[in-house]
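# Structural description and commentary
Letter by letter, the chains look like this.
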Amino acid sequence: MKHSTLIFALVAVAGLSACDKPAPVVVNNPPAPVVAVPGPAGPQGATGNTGNTGNTGNTGTQGATGDTGNTGATGNTGRTGRTGDTGDTVVIVPVPAERR
């Protein structure tokens, strides 16, 4: 067992030392872009035209029916009627007929 570990270590060293090392990669960075600095603000422009009038809105829905009103006040008492004429009328009450 001692020999197998030693042989494995020698093979690993030989295998790793035989690899080609890649050439270093050179990265060329592009020059930094030129940033334009804004100048002073120009004069204010003319006032724009007034916008169009908006459309008329839709008609609203009908409202709820109101509550029933309170009972009205009692009316005034009427005037007393005039006294009637005294009459000459005679009322005759007939006697009921006898039953047969």
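Residues numbered from 1 in each chain as written. Predicted model: local features only at pLDDT ≥ 70, side-chain atom pairs only at ≥ 80, totals over all residues. Heavy atoms only, no water.

It is worth spelling out the overall build of the protein at this point. Broken down by element type, the protein carries one helix and zero strands. Its C-alpha atoms give the protein a radius of gyration of 62 Å, more than 25% over the compact-globule value 13 Å for 100 residues. The dimensions of the protein, computed from C-alpha atoms along their principal axes, are 165 × 75 × 25 Å. If you sum the accessible surface of the protein, you get close to 11,600 Å²; carbon and sulfur atoms cover 56% of it. (Helix = DSSP H or I, 4+ residues; strand = E, 2+ residues; numbered from the N terminus. Rg over C-alpha atoms; globule rule 2.2 N^0.38 Å. Areas by Shrake-Rupley, 256 points an atom, 1.4 Å probe, with all protein chains shown as cover.)

Turning to the environment of T50, a few remarks are in order. Secondary-structure assignment places T50 in the segment after α1 (2-17). Note: C-alpha distance between T50 and R82 (32 residues apart in sequence) is 82 Å.

All right, on to the environment of N29 then. Structurally, N29 can be placed in the segment after α1. Under the relative-accessibility criterion, N29 is labelled exposed at 66%. Residues N29 and A64, spaced 35 residues apart in sequence, show a C-alpha to C-alpha distance of 77 Å. (Buried < 20%, exposed > 50% of the residue type's maximum accessible area, 1.4 Å probe, protein only.)

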